[in-house]
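# Remarks on the overall topology
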Protein chains: 4
Amino acid sequence: MKLPLEGIVPPLITPLKGRDELDVAGLEKLVEHVLGGGVHGLFLLGSTGEAPGLSYRLRRELIERVCSQVNGRVPVLAGITDSSIVEALNVAGCAAEAGASAVVASTPFYFPAGQEELIGYFEHLSADLPLPLVLYNMPGFTKTMISTETVHRLAEDPKIIGIKDSSCDMIHFHRLLLDRPTREDWTMMMGPEELLAESVLMGANGGVCGGANLAPRLFVDLYSAALRADVAEIRLLQRQALQLGNTLYRIGKHSSSMIKGIKCTLSLMGICDDYMADPASRFHEAERQKVRDAVSSPEMASLLK
Amino acid sequence: MKLPLEGIVPPLITPLKGRDELDVAGLEKLVEHVLGGGVHGLFLLGSTGEAPGLSYRLRRELIERVCSQVNGRVPVLAGITDSSIVEALNVAGCAAEAGASAVVASTPFYFPAGQEELIGYFEHLSADLPLPLVLYNMPGFTKTMISTETVHRLAEDPKIIGIKDSSCDMIHFHRLLLDRPTREDWTMMMGPEELLAESVLMGANGGVCGGANLAPRLFVDLYSAALRADVAEIRLLQRQALQLGNTLYRIGKHSSSMIKGIKCTLSLMGICDDYMADPASRFHEAERQKVRDAVSSPEMASLLK
Amino acid sequence: MKLPLEGIVPPLITPLKGRDELDVAGLEKLVEHVLGGGVHGLFLLGSTGEAPGLSYRLRRELIERVCSQVNGRVPVLAGITDSSIVEALNVAGCAAEAGASAVVASTPFYFPAGQEELIGYFEHLSADLPLPLVLYNMPGFTKTMISTETVHRLAEDPKIIGIKDSSCDMIHFHRLLLDRPTREDWTMMMGPEELLAESVLMGANGGVCGGANLAPRLFVDLYSAALRADVAEIRLLQRQALQLGNTLYRIGKHSSSMIKGIKCTLSLMGICDDYMADPASRFHEAERQKVRDAVSSPEMASLLK
Amino acid sequence: MKLPLEGIVPPLITPLKGRDELDVAGLEKLVEHVLGGGVHGLFLLGSTGEAPGLSYRLRRELIERVCSQVNGRVPVLAGITDSSIVEALNVAGCAAEAGASAVVASTPFYFPAGQEELIGYFEHLSADLPLPLVLYNMPGFTKTMISTETVHRLAEDPKIIGIKDSSCDMIHFHRLLLDRPTREDWTMMMGPEELLAESVLMGANGGVCGGANLAPRLFVDLYSAALRADVAEIRLLQRQALQLGNTLYRIGKHSSSMIKGIKCTLSLMGICDDYMADPASRFHEAERQKVRDAVSSPEMASLLK
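Values in this document were obtained by computation on a predicted structure and should not be read as measured data.

### A few points about the overall build of chain A
A tally of helices and strands in chain A yields 13 helices and 10 strands. Scaling as 2.2 N^0.38, a compact globule of 305 residues should have a C-alpha radius of gyration of about 19 Å, and chain A matches this with 18 Å. Expressed as lengths along the three principal axes of its C-alpha atoms, the size of chain A is roughly 50 × 45 × 35 Å. When the accessible area of chain A is evaluated, it comes to approximately 9,900 Å², of which 51% is carbon and sulfur surface. With 29 positive and 37 negative side-chain charges, chain A shows a spacing of 6 Å between the two charge centroids.

Okay, here's the thing in structure tokens:
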């Protein structure tokens, strides 16, 4: 794996057919769909992948299938975020065996931890990991912000190779960029797709854009425009990306709306099933109709082709 | 198991010797210590038990050992709170085999769920559970409050037998009491020990008091005084209970302070090890000395004997 | 004024006829209504009194009218909570001239302050106050909790005579009671009426019950039952008090629902107008009908007579 | 006043000599300092101006003095944010008489309001305002977010001419830009200076940068670079702006740290006093020394000249 990681690394949704059953055919189509759009890597078992809602058996199956299918075309990153370090390491072991390139871990997410506790945790984790580790800042779900000082401390560990920031706090991300570790392999990825363009303009390496499950090319193009500092093109593509989210991610209520919207759209595109892990459930017909209406507009259809 | 559950049901801390190793001898002593204090049940694998930080293997071992040791002397409840319903059911299956009396589940704790999602979740869970289910309201860690309306809906399911409320929101608990389901077997337990007395005075069935790991007799006596509405005695014992917490639970920083204080005290009492699951870690010597000083006061020593 | 303050001290709603116009006749009726119910004091210009939404001119008029009407029958407390200490002192000066017994101040509520800032603030305030000061803990609106340590420090100032706690955090209140300053004149009042009974049972001096605007006798009786530790009577009256709130305070949305419910009910009782200060507005007819239906039940009618 | 407003409009700190006394000479120097740096307008009585902590008398004096001194060289905006609409209108009346160009109002900040309440509030306010109104989104202090839908509704009122967004939520700001009202006079200003560059790159009209009290030229240059889409220059100046904040705004604790840091630096620059309105207080000598050390570095000195 070339470091730093660069480009668009979609947090893959997990196609399911039931509570503990992968949609195997859908998963294969989805992987080819996003690779076909030119993405630079895949991130399995993130929040968008509903990882915390899946059994460990299914997580292992997912990692193995995708690593095997991708077969080195792009790096595959596997999420190991867990409230138990033992289980996180178990998933990491499976990822190493399957040929993943790195693992991604947020903070334990039941008890909110202090910063010195986080430092200890990631040091313990890293010491026993068979793969490089990307930090994952996701305070909205974990209740714990990884501070800039903590990132700095952890960047002394060569096995920790970067951070994906999903705090939605752009000021925090600017501070991370300002005090960026001097290592040449250090990777900084933006989580929310709405903040991809400005992050890359300011020096980030890329983004983990949920919308790239649907429209991989759009986000690859936006990333490229930002790399070139082509502001006119950025504004145009940013509008399309925002429109995608405004149209498809806010139909339901609750924190699951974005994932439901993506899965429902993918099912309408004929790519995979839209079964959701408990406690979420797929859209009912009324909401599905809204998605159908949205994606049938010429503008949206051209984004999703 | 007689319903409703009544009395003091300590949320047992989990004695550990290492990252994935139970302190078996310590666990045995701890169980006899609390049973010796007259408690009315045991609750394994709650927040105080650090459940989310433990491997599933260790959780199973804990359930089996405690059920075997208790051998029917009091009901044993097993926590199955999980972000994945499949894993929650796996632990529940183990609890049923080991002879536990009921399971206890909070909401999935990564994605914050809506109330209708919660209703669906608990219905799905209950349908496949081999044991009765006690709801567990713990919004401070799960980010999701179980509303009074949701409790009402779920109380229509005969397999759901009650609720443990750890919201720290006494107004919410009064509303739960006011609209108590009319079932004779419905159990209402208060979580925080500081609110035990008034909860029982107002009609609750008992409490899941963390401090009963240390001073089981104190909380059993406080429960009894509340049952008898002996307000003078309540005030006296309540002072002692509050003093216990003020002295021992607030030495560290972070949400882990209470558990660290309990474990450190138990280790000084010669009962069990104070190893903490990641990302927490046991008190350093300076903090341990504070605990040593606190428990050596005659007043505290008499509570802990 | 006898200290500590004791009993039921309603946070009087402010009857308005328009944006900057008191409902003078309604105010007179309301004062006699609550005094007729046996309350032990009046608290003007609290949150329930919509104080932050009123002009200073109107606040002064309110204080003068009520002090004059009450004419020493019970102590009158005036809220001076403000984001500006200068304006807080201006209102306090008016209260002293009008004959109020004490003032009540929460923390400045725009910038959230630190505890040492709070200590400085209340010391500065107290130094220039012409009347004794009751602290008011209202973190839900001010974003700032007054910690037990801060209360302790401030209790060294003889002009600060107690605290009204509206944190809704009963554990915090127990800690305040446990570490109660040893002064004989120190007053501890509970804010939320749902927590009045247990607070008095455990040693508080009384409550600032919003519902006493409507049903003063009910809360006076509940206070008396708690003083006598008559638990059977407490349970009975507590149910009625909770029912009152469940029925009347939760009809609207937003934080203004309780005040709207009280004002609407008072207007239906023929006591005063239900005009609300901006940005709230009185109930529309649909919501008003719900209140009408509620108060026409025989049970509710007997509480409100 | 030309609309939309454009460029850098510093939220002027309020130089004080005491609790209710302006530092008149310091205020004059400060105004010339920032105008000398090329700023495009002045915003009085914002959060950085400590407005909620000041008496109304002092607010009026401030508005009059600054309007008189500026004498039309740039537009002067006056903050009227208040928990009472009557008092907000009083300040607005004074601003109109003094010759201010517009007023700026956030939501009432004691009771958190619902969106329909906000719409009503701003309509009531606008109806009686003698000047155009800029909305001010500041949920960190007011507890109330002005939603994109609410902004859209309010943009139908020609007297409401734009919004300053200080939510620190860049995703929200992108949504505001995406759904920008089609009026040619509509102004969109970014609050936090860390987000100025990307906001202007994406189409905003400018920023209300607190740091422009200290280094007006830096922010004017950053704004210009963003207007020209000169990404290399933006990165350079953005680093300097971030460094300024990292060095000077985070010395104290609490929400007042930024204002304290700015005032302390201005006092070391010989511009004005650093007295802070209650409950904050100026830095003690140890913190002042840190500021002194910071500003004596050649890099910082060149920014602040």
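Back to the write-up after that little detour.
### Overview of the interface of chain B and chain A
Each side of the interface is counted separately: chain B has 42 residues, and chain A has 42 residues. Summing both sides of the interface, chain B and chain A together bury roughly 3,700 Å²; the carbon and sulfur share of this comes to 59%. Of all residues in chain B, Tyr-110, Phe-111 and Pro-279 of chain B give up the largest surface area on contact with chain A, accounting jointly for 20% of the area buried on that side. One can count six salt bridges joining chain B with chain A. Applying the counting rule to chain B against chain A returns 23 residue pairs in polar contact (both at pLDDT 80 or more). Put simply, the parts of the chain that give the side of chain B that touches chain A at least two residues each are α3 (85-98), α4 (115-127), α5 (139-142) and α11 (257-268) of chain B. Partitioned by chemical class, the residues of the side of chain B that touches chain A number 19 nonpolar, 12 polar and 11 charged.

### A closer look at the relation of the copies chain D and chain C
Superposition of chain D onto chain C requires a rotation of 180° combined with a translation of 0.0 Å along the rotation axis, giving an RMSD of 0.0 Å. The transformation relating the two chain copies, once decomposed into turn and shift, fits a two-fold axis. Most of the interface of chain D is mirrored in chain C, where 100% of its interface residues are also at the interface.

### Comments concerning the interface of chain D and chain C
Facing 42 residues of chain D, the contacting portion of chain C comprises 42 residues. Summing both partners gives a buried area of about 3,700 Å² for chain D against chain C, and 59% of it is carried by carbon and sulfur. Counting the contacts that link chain D with chain C gives six salt bridges. Residues Glu-116 of chain C and Lys-253 of chain D are paired through a salt bridge, measuring 3.2 Å at the closest nitrogen-oxygen approach. At the junction of chain D and chain C, the tally comes to 23 residue pairs in polar contact (both at pLDDT 80 or more).

### Let's talk about the relation of the copies chain B and chain A
Each copy of the sequence occupies a distinct position, and chain B is placed on chain A by a rotation of 180° and an axial shift of 0.0 Å, giving an RMSD of 0.0 Å. Interface residue correspondence from chain B to chain A reaches 100%, placing this contact among same-surface, isologous pairings.

### Side note on the arrangement of the chains
The closest approach of any C-alpha atom in chain A to one in chain C is 18 Å; the two make no contact. Considering only C-alpha positions, the minimal separation of the non-contacting chain B and chain D is 18 Å.

### A short note on the sheet that holds strand β1 (residues 7-8) of chain A
Residues and elements named next belong to chain A. Pairing in this open sheet of eight strands is parallel, and the strands run β1-β10-β9-β8-β7-β6-β5-β4 from one edge to the other. Pairing within the sheet leaves two strands with one partner each, and these edge strands are β1 and β4 (42-44). Of the pairings in the sheet, the one linking strand β5 (residues 76-79) to strand β6 (residues 102-105) comprises three bridges and is parallel in character. When the bridges of β6 are listed, Ala-78 appears paired with Val-103. Docked against the sheet, helix α4 (residues 115-127) engages β6, β7 (133-137) and β8 (160-165), running at close to 150° with respect to β7.

### Notes on the nonpolar core
One finds Phe-122 and Leu-125 of chain A, Phe-122 and Leu-125 of chain B, Phe-122 and Leu-125 of chain C together with Leu-125 of chain D to be the most contacted residues of the largest nonpolar core, which totals 406 residues. Each residue touching Leu-125 of chain C, except ones within four places of it in the same chain, is listed here: Ile-80, Ile-85, Ala-88, Leu-89, Ala-105 and Leu-133 of chain C.

### Here's the deal with the confidence of the model for chain A
Regions with low pLDDT carry predicted coordinates that are not meant to be interpreted in detail. Of the residues in chain A, 100% have a pLDDT of 70 or more, and the chain-wide mean is 97. Interface predicted TM-score (ipTM) for the complex: 0.96; the corresponding pTM is 0.96.

### So, the packing of aromatic side chains
Counting across every chain of the model gives 28 aromatic pairs over all chains. Judged by centre distance (5.4 Å) and plane angle (35°), the ring pair of Phe-109 of chain A and Phe-109 of chain B falls under tilted. Taken as a pair, Phe-109 of chain A in the loop between β6 and α4 and Phe-109 of chain B in the loop between β6 (102-105) and α4 lie in two separate chains rather than in one. Relative to Phe-122 of chain B, the ring of Tyr-121 of chain B has its centre 5.3 Å away and its plane inclined at 70°; by these criteria the two rings are edge-to-face. Assigned by exposure class, Tyr-121 of chain B and Phe-122 of chain B land together as buried. One aromatic cluster is present, formed by Phe-109, Tyr-110, Phe-111 and Phe-141 of chain A together with Phe-109, Tyr-110, Phe-111 and Phe-141 of chain B through successive ring pairs. A cation over an aromatic ring shows up here: Arg-59 of chain A above the ring of Tyr-56 of chain A, its NZ or CZ 4.1 Å from the ring centre.

### Comments concerning the pairing of strand β5 (residues 76-79) of chain D
Residue and element names in this part refer to chain D. A two-sided burial pattern is seen for β5, the buried positions comprising Val-76 and Ala-78 on one face and Leu-77 and Gly-79 on the other. In this structure, strand β4 (residues 42-44) lies alongside β5, joined through three bridges in parallel fashion. What sits directly across from Leu-42, in β5, is Val-76. Once you follow β4 into helix α2 (residues 56-70) and on to β5, the crossover reads as right-handed.

### Let's talk about the packing of helix α1 (residues 24-36) of chain B against helix α2 (residues 56-70) of chain B
All names here are of chain B. The interhelical angle for the contact between α1 and α2, taken along N-to-C directions, is 45°, at an axis separation of 11 Å. On the basis of their axis angle, the class for α1 and α2 is oblique. The two elements α1 and α2 cross, and the hand of that crossing is right-handed. For the pair α1 and α2, the contacting residues are Val-24, Leu-27, Glu-28, Val-31, Glu-32 and Leu-35 in the first and Glu-61, Leu-62, Arg-65, Val-66, Gln-69 and Val-70 in the second. Its residues assigned to classes, the contact of α1 with α2 comprises seven nonpolar, one polar and four charged.

### Side note on the pattern of salt bridges
Here the structure, examined in full by the defined rule, presents 72 salt bridges over all chains. By sharing partners, the salt bridges in this structure join Asp-20, Arg-57, Glu-61 and Arg-65 of chain A into a single network.

### With respect to the pairing of strand β8 (residues 160-165) of chain D
Residue and element names in this part refer to chain D. In terms of burial, β8 is a largely internal element, six of the six residues being buried. Relative to β8, strand β7 (residues 133-137) runs parallel, the two being bridged by five bridges. Across the sheet, residue Leu-135 finds its bridge partner in β8, namely Ile-163.

### Concerning the state of the cysteines
The final tally for this structure, using the stated rule, is zero disulfides over all chains. The thiol sulfur of Cys-168 of chain C is not disulfide-bonded, and the nearest other cysteine sulfur, from Cys-209 of chain C, lies at 12 Å. Using a relative accessible area of 34% as the deciding quantity, one classes Cys-168 of chain C as partly exposed. Between Cys-67 of chain D, a cysteine without a disulfide, and Cys-94 of chain D, which holds the nearest cysteine sulfur, the sulfur-to-sulfur distance is 8.1 Å.

### Some remarks on the packing of helix α9 (residues 216-227) of chain B against helix α10 (residues 231-248) of chain B
Residue and element names in this part refer to chain B. In contact at an axis separation of 9 Å, α9 and α10 are set at 150° when each is read in the N-to-C sense. In this view, α9 runs roughly antiparallel relative to α10, as classed from their interaxial angle. Viewed along their axes, α9 and α10 form a crossing whose handedness is left-handed. Contacts between α9 and α10 involve Leu-218, Phe-219, Asp-221, Leu-222, Ala-225 and Ala-226 from the first element and Glu-233, Ile-234, Leu-237, Gln-238, Gln-240, Ala-241 and Leu-244 from the second. Of the residues in the contact of α9 with α10, the class split is nine nonpolar, two polar and two charged.

### Observations concerning the sheet that holds strand β10 (residues 206-207) of chain C
The strands making up a sheet associate through backbone hydrogen bonding, with each pair oriented either parallel or antiparallel. Residues and elements named next belong to chain C. Ordered in space as β1-β10-β9-β8-β7-β6-β5-β4, the eight strands form an open sheet in which the pairing is parallel. At either margin of the open sheet sits one strand with a lone partner, and together these are β1 (7-8) and β4 (42-44). Pairing between β1 and β10: two bridges, direction parallel. Note on β10: the bridge partner recorded for Gly-7 is Gly-206.

### Some points on unusual backbone geometry
Omega for the bond connecting Leu-3 of chain B with Pro-4 of chain B falls within 30 degrees of zero, at -5°, which places this linkage in the cis form. Inspection of the secondary structure puts Pro-4 of chain B in the segment before β1 (7-8). A cis amide bond links Asp-278 of chain D to the next residue, Pro-279 of chain D, at an omega of 5°. One non-glycine residue, Asn-71 of chain A, lies in the positive phi region at around 55°. Assessed through its relative accessible area of 65%, Asn-71 of chain A is described here as exposed. Although it is not a glycine, Ala-229 of chain B sits at a positive phi angle of roughly 55°.

So, how was this worked out
Residues numbered from 1 in each chain as written. Chains lettered and ligands numbered in written order. Predicted model: local features only at pLDDT ≥ 70, side-chain atom pairs only at ≥ 80, totals over all residues. Heavy atoms only, no water. Helix = DSSP H or I, 4+ residues; strand = E, 2+ residues; numbered from the N terminus. Rg over C-alpha atoms; globule rule 2.2 N^0.38 Å. Areas by Shrake-Rupley, 256 points an atom, 1.4 Å probe, with all protein chains shown as cover. Lys, Arg positive; Asp, Glu negative; His and termini not counted. Charge placed at Lys NZ, Arg CZ, Asp CG, Glu CD. Contact = heavy atoms within 4.5 Å. Buried area = accessible area lost by both parts, 1.4 Å probe. Salt bridge = Lys/Arg side-chain N within 4 Å of Asp/Glu carboxyl O. Polar contact = N/O pair within 3.5 Å; in protein donor to acceptor, adjacent residues only side chain to side chain. Nonpolar A, V, L, I, M, F, W, Y, C, P; charged D, E, K, R; others polar. Least-squares fit on C-alpha atoms with pLDDT ≥ 70 in both. Pairing = 2+ DSSP bridges. Axes fitted to C-alpha atoms, helices over the stretch in contact; angles between N-to-C directions. Core = buried A, V, L, I, M, F, W, Y, C linked by side-chain atoms within 4.5 Å. Buried < 20%, exposed > 50% of the residue type's maximum accessible area, 1.4 Å probe, protein only. pLDDT = per-residue confidence, 0-100. Phe/Tyr/Trp six-rings, centres within 6.5 Å; stacked < 30°, edge-to-face > 60°. Lys NZ or Arg CZ within 6 Å of the ring centre and 35° of its normal. Right-handed = clockwise from strand over helix to strand, strands pointing away. Parallel < 35°, antiparallel > 145°, perpendicular 65-115°, else oblique. Left-handed = near helix turned anticlockwise from the far one by under 90°. Disulfide = S-S within 2.5 Å.

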